[in-house]
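Here is what each chain is made of, one letter per residue.
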Amino acid sequence: MTSLGVEAGREPLLGDDTPGSREWDIIETQENYKSRWRSIRILYLTMFLSSIGFSIVIMSIWPYLQKIDQTADASFLGWVIASFSLGQMAASPLFGLWSNYRPRKEPLIISIFISVAANCLYAYVHVPASHNKYYMLIARGLVGFGAGNVAVVRSYIAGATSLQERTSSMANTSTCQALGFILGPVFQTCFALIGEKGVTWDAIKLQINMYTAPVLLGAFLGILNIILILAVLREHRVDDSGRPCKSINFEAANTEEVQISQGNIDQVAVVATNVLFFVVLFIFALFETILTPLTMDMYAWTQEQAVLYNGIILAALGVEAVIVFTGVKFLSRMIGERAVLLGGFLVIWAGFFILLPWGNQFPNIQWKDLHNNSIPNTTFGEIIIGLWKSSREDHNELPTGCPIEQAWCLYTPVIHMAQFFTSAVFIGMGYPACNVMSYTLYSKLLGPKPQGIYMGWLTASGSGARILGPVFISHVYSYLGPRWAFSLVCGIVLLTVTLLGVVYKRLIAFSIRYGRIQESPS
């Protein structure tokens, strides 16, 4: 027995990743390994369904809002859209803190139940005699509040994976999230076949139409998710080398765990990573927002063309993101997460730099007054309205081009189509790399302590970025034009790269900082 213990102590710290190998058995039993990964995969599904909950109705909110409440205007639409992120920003730290001290099943099930109830409320917002728009606002806010469980998902995966497994697991999480955003509008399009009238279940006053069917599907999938969590999810925690530890979410830590957790978290690196993640989400949110007004102004696309073509572009970027998420898992093993993060920011900078207007060709001027979604004094909601304009309008009769109300249209060169598509490819490549690397590094520098509250703050910073990004770009673009708008974005990215350079050496795993694991050569 003594010789066996000595021999075991000489085994490689990380061991072989193959279950059933001698090294692996010392670290983790095969039964525990299978249970741990079943639990992680259930949380992949949870992330996927959370993304679908946001995107499955995003293209139909405006017409549904107009249908249920004639007093709703563009300004109120902006609040309805923003309410999801506001709810998520408020809930993320709360659910994260909860998950630090109680079984993760509790905040997960409660948050999903809130989302299910909110989807059901959304399906009934047509019933009240008045103030229907406020019921929709509450419903979307509660869906966002339920989506605060993203912090719990990320903290669980961070605590249930070793350093070697972490990057791949976080990339898989992001892939599931991206697939949810891609497939949500696809499901919405399928439900459009039901039509606006649909069918009515008079006994419970339920209308099943193109607006309510998606949220009812979301509610059903939420219930299924709760059942799977109850049946499959188990509490698992491993240290950075992959050795199982007793979960300390709700039980007192033993002496060994206290020893493992010794050492202080680098708070400078924590704050810096939150800023980096904020900028990543901020940049992509503003890029999504500006697509429609930019293409309508530069290429004289009609609203119908802008919605169709930009929808295709965003879907293509989603597919690109899935490919990048897969690729960074291998790239990070060769050059390291920090280098991938830095490279991602530089690619994003290049994308926006390419997007700067140049040359002697100018956009077509729209001399006739048009309620374009990029004219000065527009609200965030008015910018989004272009995505929901009814196809029943005769778009051929509406003037197109860059509206004369925007003075910069007269002297700002057109952004060539080749510039636009090249820029989109670069931004679509850099964003997913920065996204997954930022919170992979974040989870590693936090160490073995429960990460719920920290992941909550990270998710909240991302939610805040999705609110502020569209507001920033809409005002700068409307008043100053694309040259100033994209120059400022380039400046923000350069400042972010500078920040990353300053803290670069601090963005290392907790266990590596305290010498428990040797840093890989990459």
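Residues numbered from 1 in each chain as written. Predicted model: local features only at pLDDT ≥ 70, side-chain atom pairs only at ≥ 80, totals over all residues. Heavy atoms only, no water.

Draft legend 1. Molecular detail of the overall build of the protein chain. Helix and strand counts for the protein chain come out as 19 helices and 4 strands. Counting the 522 residues in the protein chain, one finds 55% classified as buried. When contacts within the protein chain are restricted to residue pairs at least 6 apart in sequence, long-range pairs at least 24 apart make up 81% of them. When the accessible surface of the protein chain is split by element, carbon and sulfur atoms take 65% of a total near 22200 Å². (Helix = DSSP H or I, 4+ residues; strand = E, 2+ residues; numbered from the N terminus. Buried < 20%, exposed > 50% of the residue type's maximum accessible area, 1.4 Å probe, protein only. Contact = heavy atoms within 4.5 Å. Areas by Shrake-Rupley, 256 points an atom, 1.4 Å probe, with all protein chains shown as cover.)

Draft legend 2. Quick peek at the state of the cysteines. A full pass over the atoms with the stated rule returns 1 disulfide. Covalent S-S linkage joins Cys 402 and Cys 409, the inter-sulfur distance amounting to 1.9 Å. Linking Cys 402 and Cys 409, the disulfide has an S-S dihedral of approximately -60° and is accordingly described as left-handed. Take Cys 402: its relative accessible area is 0%, and that puts it in the buried class. Among the residues examined, Cys 409 registers a relative accessible area of 1% and is labelled buried. (Disulfide = S-S within 2.5 Å.)

Draft legend 3. Region of interest: the side chain of Ser 92. Note on placement: Ser 92 falls in helix 5 (residues 74–101). The contacts of Ser 92, once residues within four sequence positions are left out, are Gly 148, Ala 151, Gly 456, Thr 459 and Ala 460.

Draft legend 4. Broad picture of empty space enclosed by the protein. Scanning all chains against the criterion turns up 5 cavities of 30 Å³ or more. In this structure, the largest cavity is lined by 19 residues; those nearest its centre are Leu 49, Ser 50, Gly 53, Ser 115 and Gly 218. Elements supplying a minimum of two residues to the lining of the largest cavity: helix 3 (30–55), helix 6 (105–123), helix 7 (132–146) and helix 10 (213–232). (1 Å grid on protein atoms, 1.4 Å probe; cavity = no way out; pocket = protein on both sides within 12 Å on 5 of 7 lines; lining within 4 Å. Points joined across faces, edges and corners; volume = space filled by probe spheres on them.)

Draft legend 5. Examining the packing of helix 17 (residues 452–480) against helix 18 (residues 482–503) more closely. Interaxial distance between helix 17 and helix 18 falls to 7 Å at its minimum, and their mutual angle equals 140°. Judged by the inter-axis angle, helix 17 sits oblique to helix 18. Residues Phe 472, Ile 473, Val 476, Tyr 477 and Leu 480 of helix 17 touch helix 18, and the partners they reach there are Pro 482, Trp 484, Ala 485, Leu 488, Val 489 and Ile 492. By residue class, the composition of the contact of helix 17 with helix 18 is 11 nonpolar, no polar and no charged. (Axes fitted to C-alpha atoms, helices over the stretch in contact; angles between N-to-C directions. Parallel < 35°, antiparallel > 145°, perpendicular 65-115°, else oblique. Nonpolar A, V, L, I, M, F, W, Y, C, P; charged D, E, K, R; others polar.)

Draft legend 6. Summary view of the side chain of Asn 225. Within the secondary structure, Asn 225 sits in helix 10. One polar contact links Asn 225 to Thr 46, side chain to side chain, over a distance of 3.2 Å. Apart from the residues lying within four places of it in its own chain, the contact partners of Asn 225 are Ile 42, Leu 45, Thr 46, Leu 49 and Ile 112. (Polar contact = N/O pair within 3.5 Å; in protein donor to acceptor, adjacent residues only side chain to side chain.)

Draft legend 7. Summary view of the confidence of the model for the protein chain. With 82% of its residues at a pLDDT of at least 70, the protein chain reaches an overall mean of 80. Segment residues 369–378 is flagged for pLDDT under 50; beyond a separation of four residues in sequence, or across chains, it makes 34 contacts in the model. Considering only residues more than four positions removed or in separate chains, one finds that residues 387–396, a stretch of pLDDT under 50, has 21 contacts. (pLDDT = per-residue confidence, 0-100.)

Draft legend 8. Inspection of a nonpolar patch on the surface at higher detail. There is a patch of nonpolar side chains on the surface, built from Tyr 479, Leu 480, Trp 484 and Leu 488 and spanning about 410 Å² of accessible area. Secondary-structure elements contributing two or more residues to the nonpolar patch are helix 17 and helix 18. Relative to the assigned elements, Trp 484 resides in helix 18. Relative accessible area serves as the criterion here: at 52%, Trp 484 is assigned to the exposed category. (Patch = residues over 30% accessible without salt bridge, like charges linked within 9 Å, V, L, I, M, F, W, Y side chains within 5 Å. Salt bridge = Lys/Arg side-chain N within 4 Å of Asp/Glu carboxyl O.)

Draft legend 9. Expanded view of unusual backbone geometry. Positive phi, close to 55°, is recorded for Lys 205, a residue that is not glycine. Inspection of the secondary structure puts Lys 205 in the loop between strand 1 (199–201) and strand 2 (206–208).

Draft legend 10. Up close: the environment of Asn 364. Its place among the elements puts Asn 364 in the loop between helix 14 (337–354) and strand 3 (365–366). As a C-alpha pair, Asn 364 and Ala 300 span 64 residues in sequence and 6.8 Å in three-dimensional space. Those residues in contact with Asn 364 that sit more than four places away from it in its chain are Asp 297, Ala 300, Gly 401 and Cys 402.

Draft legend 11. Layout of the pattern of salt bridges. Under the criterion given, the structure shown has 5 salt bridges. Across the pair Arg 102 and Glu 106 runs a salt bridge whose closest N-O atoms are separated by 2.7 Å. Exposure remark for Arg 102: the relative accessible area of 40% places this residue in the partly exposed category. You can call Glu 106 partly exposed: its relative accessible area is 25%. The partner of Lys 444 in a salt bridge is Glu 337, and the shortest N-O contact between them spans 2.5 Å. Here Glu 337 lies in helix 14 and Lys 444 lies in helix 16 (residues 417–446), a separation of 107 residues in the sequence. For Glu 337, a relative accessible area of 14% gives the class buried.

Draft legend 12. Representation of the packing of aromatic side chains within the structure. What the rule picks out here adds up to 19 aromatic pairs. With a centroid separation of 5.4 Å and 65° between ring planes, the pair formed by Phe 420 and Phe 421 is classed as edge-to-face. According to the relative accessible area criterion, Phe 420 is buried, its value standing at 1%. Of the residues examined, Phe 421 reaches a relative accessible area of 39% and is grouped as partly exposed. Among the aromatic side chains, those forming a connected cluster through ring pairs are Phe 284, Phe 287, Phe 352, Tyr 431 and Phe 486. A cation sits over an aromatic face here: Lys 133 above Phe 76, 5.0 Å from the ring centre. (Phe/Tyr/Trp six-rings, centres within 6.5 Å; stacked < 30°, edge-to-face > 60°. Lys NZ or Arg CZ within 6 Å of the ring centre and 35° of its normal.)

Draft legend 13. Fine view of the environment of Thr 189. With respect to the element layout, Thr 189 can be found in helix 9 (residues 163–191). Taking the C-alpha atoms as reference, Thr 189 lies 9.5 Å from Ser 60; in sequence the two are 129 residues apart.

Draft legend 14. Examining the packing of helix 3 against helix 10 more closely. Relative orientation of the contacting elements helix 3 and helix 10 amounts to 165°, with a least axis distance of 10 Å. Classified by the interaxial angle, the pair formed by helix 3 and helix 10 is roughly antiparallel. Judged by the twist between their axes, the crossing of helix 3 over helix 10 is left-handed. When helix 3 is examined against helix 10, the residues Arg 38, Ser 39, Ile 42, Leu 45, Thr 46 and Leu 49 are found in contact with a partner set consisting of Leu 221, Asn 225, Leu 228, Ile 229 and Val 232. (Left-handed = near helix turned anticlockwise from the far one by under 90°.)

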